[in-house]
Every structure is written in C-alpha cells, then in structure tokens.
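Report on the structure
One letter stands for each residue in the lines below.
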Amino acid sequence: MTSDDLQAWAAGLDALFARVAGRFGRVEPRRQARAYVTGLLAPVERKNGWQLAEAAGDSAPDRMQRLLNSARWDARQVRADLRAYVVDNLGHRDSVLIVDETGFLKKGTGSAGVQRQYSGTAGRTENCQLGVFLAYASPLGRALIDAELYLPKSWLGDRPRCRKAGVPDEAGFATKPELARQMLARALEAGPPVGWVTADEAYGMDSKFRAFLEQRGVGYVVAVPKSQVVAAGAGCGGSRADTLVAGAPPEAWKRLSCGDGAKGPRLYDWALATVHAGAEPGCRRWLLARRSLAPNGRGELEIAYYLCHGPAGTTVEELVRVAGARWAIEECFASAKNETGLDHYQVRRFDAWHRHITLAMLAHAYLAVTAAHAPKAQEAWSASHSRRPPLCQAQAGRFECFSTVPPSICLPEPLTTSPV
C-alpha cells in the first residue's frame, strides 16, 4: 500500500460525503455520520455503538446513538444520493436491478418489525427482522442502493407497540413485493442505465410485481415456483410450469454458464419456451427452465423456473445472464455484513434501523466503487467491453427459440394474467 493509495481512498471518501453533506442540517451530525461510516470501514470486530465510538475517539456511545435515534436527517434522502453515487461510478447499459430480502436475528420483542418469521438467511423460522433490499449490479461492480424494513400485520395492529418503536402512525401494511415496487419506482424514476430486473420466487410469482415492470418498460427474469400456472389460449385452460417443461425434447436443453462463482462458471442446462401471445409490440414473453447437472440426494435433477419479458431480439444467453445476476445481491449481503456491519446494529426504533442500514450501505458502496476504480479492474473491464458488440447489434437478429412446447399443448397467453 502506498501513500498515493491512501490519498486516493481518502479523496474518494471525501467525494462521497460531499454528496450527502447537505442532508444533515447541522455540522455536528454531519461529522458524526462521517465518523460512523469511517468506523464501519475500519477493522473493528463488532461495529456497534460502543466500538464505533471507541474507533472515533469518543469515551461513550452517546453521539453515535444520537445520530441514529434523534438527530435530524432523512435516511431516504441519503439513499437517493447513494443510488446516484453508485450509478455514476458503476453505471453500465448491461446493469441489472435485483430485489431480495435478508433476515436479522434478534432477541426480545421490542425491535421494530421483529417476530418469529421465516428467514431465508437462517433457512428456518426465527425471531428476526426482515429487510427488503434493492441492489444495482453491473460489469463494473455491485452495491445495495435501497432498503425497507418489513412490518408484519401483527405489528401494525398494535399501535401502542408501534409508537414505542418509532413506527410512524401513517405506516400501513405492505407486502414484500409492494415494498420492492416502491424501491424500484424510486430507482427507475431516477433514470439509471438499466434494462433488467431479477428476483426470486417471492416476488416473481406476484403478477402485480411483473405488471409493474412491464408498465415501466423494463425487462425481467424472475423465478417462479414449479406450480406457477401459465394461462393458456382460448379453450385451452392453463398449465403448470413444470408440466410445460416436462414436455421439452432432449435437444431443447443447452448447457450455459450464468456467471462465475467461487468454484468457476455456474453451469446448468437451460431450456426456453416462447410465449407468443399478449406482449406489447417489440416485446416477447418466455418461460425459462434451469436444470442442475448432478442429481440431488433423492437422485433427481433439480429444475428452477423463470418467467421472462423483454425485447423481441433478446437471446437466451442474455436471459441466462440476467437470471444469474441474482446471486450478486447475495454477495452484497455477505460482504456488507462481514465488512461494513450491516447486521451489527443495536437499535430498536424504526427510523434508527433505516439510518444504520443506510450508512452501512454507504460504506459498502464506497468499497465497491473503490474496487472498481482500481487500475486492474478498469483494465479488465475495458478489455471485455471492447469485445462486446453495440446493444443494437446484440438485439438486431431474429430470436431463435431452441426449445419448443409440444404441439399438443396450447401456447400460453399473457403471463401477467396467470394465477398466483
């Protein structure tokens, strides 16, 4: 590490805080926010109020707690600056917006939104909070850009409990897909370079979520359960996704990588069925299937299913790339928890949760942007970018569907009307 490196990193942090400084009305919370983020970036074992205060040279955590609980600043406005910072530094036409949730294990019942509920992070039902997040992933890097705390109905039906935890009186129940739509609306209204959205089954099976994306002209590749019913044409009824895919001939499957993992390319067999009806002019709908190469413990090849919508010239390789981009948000969760204390907070209030999460995402984005600006990363991106054809050429050719639905099965109608 050289002095030039240190100066560049310090200058990068200065530039980031220049963006958000105006969101803090007074100099004291502005300085404290800078100290908080600096502590999140430091090699501190547990990035809670006490240890962040020690890293900042404070004798007690009072100032850190005041920043999260009572200082006057709007975390959502800071997240708007965060989103602009990420797009300005990592923006690319091949970018994907990714929606997912993560759990935060908690003890007690006082933290906003906490209850026994299923956490995909833990893989079981636990006493936890759930946050719905939005990530931006591009060839340059990936970062979390927005978040909302999920409030179960049990909480919103108990207003005294909500007030004690700082939940606004006007807060109403919103499902996780509804929270995702709110964040996507904010991101898309800002006009970032992005053409696709991807999400797991919890969001993909929601027809309102898919319709929202279609109305805004953004393509999607979203996972759905095997029981997802794909509405068929007049007089044909509907068919389950797994029923349609089961009829695909052997030659329909093509082995492709959906991105690199820790052990190299993520290889699967993929099959695609074109849905001919219902898309607006210039767009198409597809049912995409991903099959594992090795059997599971039951001796079965696992198959995942995706509903897709996008420009008519989209290739299967592009749909597979977007499907594989969903792993980027898992990597963001892991790095933000391990490196910038995303889950190290000790707060109970609704607004304090959003403030800590926002500052942790700010620190994580700084690391992502710093890594992207490293000389080796820039050289690698420039080399790959120079080999990529212009967008108009990549989409100019006629789409060839290498997988077909058996002739005896009616082709589906618009998937946005399919039962959920």
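Up top is the structure these notes are about.
Everything numeric in this text was worked out from a predicted model, so none of it was measured.

Turning next to the overall build of the protein. Per the secondary structure count, the protein includes 16 helices and twelve strands. With 420 residues in all, the protein has 50% of them scored as buried. Residue pairs in contact within the protein that sit at least 24 positions apart in sequence constitute 68% of those at least 6 positions apart. Total accessible area computed for the protein in this model is approximately 19,500 Å², and 51% of it derives from carbon and sulfur atoms.

Glancing now at the environment of Glu 28. Locating Glu 28 in the fold gives a position in helix α2 (residues 27-41). The partly exposed category is assigned to Glu 28, whose relative accessible area is 42%. Distance in space between the C-alpha atoms of Glu 28 and Ala 71 is 9.2 Å, their sequence separation being 43 residues.

A few words on the packing of helix α4 (residues 62-69) against helix α14 (residues 350-372). Between α4 and α14, the shortest axis-to-axis distance is 8 Å and the interhelical angle comes to 110°. On the basis of their axis angle, the class for α4 and α14 is roughly perpendicular. Here α4 contributes Leu 67, Leu 68 and Asn 69 to the contact with α14, which in turn contributes Asp 351, Ala 352, Arg 355, His 356 and Leu 359. The class makeup of the residues in the contact of α4 with α14 is four nonpolar, two polar and two charged.

Every buried residue of helix α3 (residues 49-56) is accounted for by Gly 49, Leu 52 and Ala 53. The arc that holds every buried residue of α3, seen down its axis, measures 100°, which confines them to one face. Tucked into the core, α3 has its buried residues touching α2 and α4. Gly 57 sits one or two residues past α3 and shows a positive phi near 85°.

Criteria and cut-off values
Per-chain numbering applies: the sequence of each chain, read as written, is numbered from 1 onward. Residues qualify for local features only when their pLDDT is at least 70, as the model is predicted, and side-chain atom pairs are given and counted only at 80 or more; totals for whole chains, interfaces and linings, by contrast, use all residues. Hydrogens are left out, water is left out, and the side-chain values use all remaining heavy atoms of the structure. The helix count covers DSSP runs of H or I at least four residues long, the strand count covers runs of E at least two residues long, and both are numbered beginning at the N terminus. Summary of the burial criterion: residues with accessible area below 20% of their type's maximum are buried, those above 50% are exposed, and those between are partly exposed, where the area comes from a 1.4 Å probe applied to protein chains only. It only takes one pair of heavy atoms within 4.5 Å for two residues to be counted as in contact. Accessibility throughout is a Shrake-Rupley quantity obtained with a 1.4 Å probe, and a residue counts as covered only by protein chains that appear here. Here an angle of 0 to 180 degrees is reported between the N-to-C directions of two axes, which are lines fitted to C-alpha atoms, with helices fitted over the stretch in contact. With respect to orientation, any angle under 35 degrees is reported as roughly parallel, any angle over 145 as roughly antiparallel, any angle of 65 to 115 as roughly perpendicular, and every other angle as oblique. Each residue is assigned to one class: nonpolar for Ala, Val, Leu, Ile, Met, Phe, Trp, Tyr, Cys and Pro, charged for Asp, Glu, Lys and Arg, and polar for all the others, Gly among them. The arc in question is the one spanned by the directions pointing from the helix axis to the C-beta atoms.

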